Amino acid sequence: MTARPATAARHDAAIAATALLVLLGWEASGLDMVLASLYGSAGGFALRNDGWTRHLLHDGGRWLATVALLACAAWAWHGSGAPLTMTRRQRGSWLLAIVAGLVLVPALKRFSHTSCPWDLALFGGDVPYVPHWLPLLVDGGPGHCFPSGHAVAAFAFLPLYFQWRDHRPALAGGLLATVLTFGALFGWAQLARGAHFPSHTLWSAWLCWVIGVLAARIIERRDRLLGPSPARARV
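Procedures and definitions
Residues numbered from 1 in each chain as written. Predicted model: local features only at pLDDT ≥ 70, side-chain atom pairs only at ≥ 80, totals over all residues. Heavy atoms only, no water. Helix = DSSP H or I, 4+ residues; strand = E, 2+ residues; numbered from the N terminus. Buried < 20%, exposed > 50% of the residue type's maximum accessible area, 1.4 Å probe, protein only. Contact = heavy atoms within 4.5 Å. Phe/Tyr/Trp six-rings, centres within 6.5 Å; stacked < 30°, edge-to-face > 60°. Lys NZ or Arg CZ within 6 Å of the ring centre and 35° of its normal. Salt bridge = Lys/Arg side-chain N within 4 Å of Asp/Glu carboxyl O.

Notes on the environment of Leu-102
For step 1, the next point in the chain: As for its position among the elements, Leu-102 is in helix H4 (residues 88–110).
For step 2, the next point in the chain: When its relative accessible area of 25% is taken as the criterion, Leu-102 is described as partly exposed.
For step 3, the next point in the chain: Note: C-alpha distance between Leu-102 and Val-152 (50 residues apart in sequence) is 6.3 Å.
For step 4, the next point in the chain: Residues contacting Leu-102, with those up to four places away along its chain left out, are Leu-69, Val-152 and Ala-156.

Looking at the side chain of Gln-163
For step 1, the next point in the chain: Note on placement: Gln-163 falls in helix H6 (residues 159–164).
For step 2, the next point in the chain: Residues in contact with Gln-163, not counting those within four places in the same chain, are Trp-75, Met-86, Arg-91 and Trp-94.

Some words on the packing of aromatic side chains
For step 1, the next point in the chain: Enumeration over the complete set of coordinates arrives at 9 aromatic pairs.
For step 2, the next point in the chain: Residues Phe-45 and Phe-123 carry aromatic rings whose centres are separated by 5.0 Å and whose planes lie at 45 degrees to one another, so their mutual orientation is tilted. Here the residue Phe-45 occupies a position in strand E2 (residues 44–45), and Phe-123 occupies one in the loop between H4 and helix H5 (152–155), the gap between them amounting to 78 residues.
For step 3, the next point in the chain: Overall, the relative accessible area of 9% leaves Phe-45 in the buried class.
For step 4, the next point in the chain: Look at Phe-123 and you get buried, because its relative accessible area is 4%.
For step 5, the next point in the chain: An aromatic cluster of at least three residues, connected via ring pairs, comprises Tyr-161, Phe-162 and Trp-209.
For step 6, the next point in the chain: The ring of Trp-75 has Arg-91 lying over it, and the distance from NZ or CZ to the ring centre is 5.5 Å.

A few points about the pattern of salt bridges
For step 1, the next point in the chain: On inspection of all chains with the given rule, the structure shows 5 salt bridges.
For step 2, the next point in the chain: A salt bridge links Glu-220 to Arg-224, with the nearest nitrogen and oxygen atoms 2.9 Å apart. Here Glu-220 pairs with Arg-224, and both are found in helix H8 (residues 198–226), just 4 residues apart, close to one helical turn.
For step 3, the next point in the chain: In this structure, Asp-223 and Arg-222 form a salt bridge, with 3.1 Å as the shortest nitrogen-oxygen distance.
For step 4, the next point in the chain: Exposure remark for Asp-223: the relative accessible area of 17% places this residue in the buried category.
For step 5, the next point in the chain: Residue Arg-222 is classed as partly exposed on the basis of its relative accessible area of 21%.
For step 6, the next point in the chain: Three or more residues joined by partner-sharing salt bridges are found here, namely Asp-12, Arg-165 and Arg-217.

Structure, rendered in structure tokens:
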């Protein structure tokens, strides 16, 4: 491995490790319930079916993610405007990294026993609060609420930052800022609706970042072992 990839790998791992420590600190702080209480009460969540939170940021966010994924797929195949050093094989691999986030986090959510804030007795529901970091305890509710699946509509595109940072750093930084902004907006909407706690969104972001880190290492190592793709795969 060259010095540049080795340095990048250490930097990426350090960010992931630091973010994990911050996440664990958040879990211990109890801020999930504090922030949820700003929007919910024993009568439920007033913004659960609000036009901004439900229709624009939730339903609209899903459509935006679908359009973005289709655009990434089309670009992975055609490569219009791609650097000459970026092959179709590489573009396809980065597309798979995005799809991995879109599949992995909802799959974890599917098997989760953690119920949503709007299901809790504290917010007008009928199940007790059980932290998701106590997996052996079950709240008895519908579950399927951890981590945040909707926030992944943005965070799944974090691998785009890793894809572009060595080719066009400014573009990579812009993509990173855009993804994080939309992820935060989607996470806030779900918090305000009572669909998720902030930690659910933060864990989704962390998982998608780790996917990007792993994809960068895997793609770099594969390309070193296999060499450049055939000329016809370049655009």
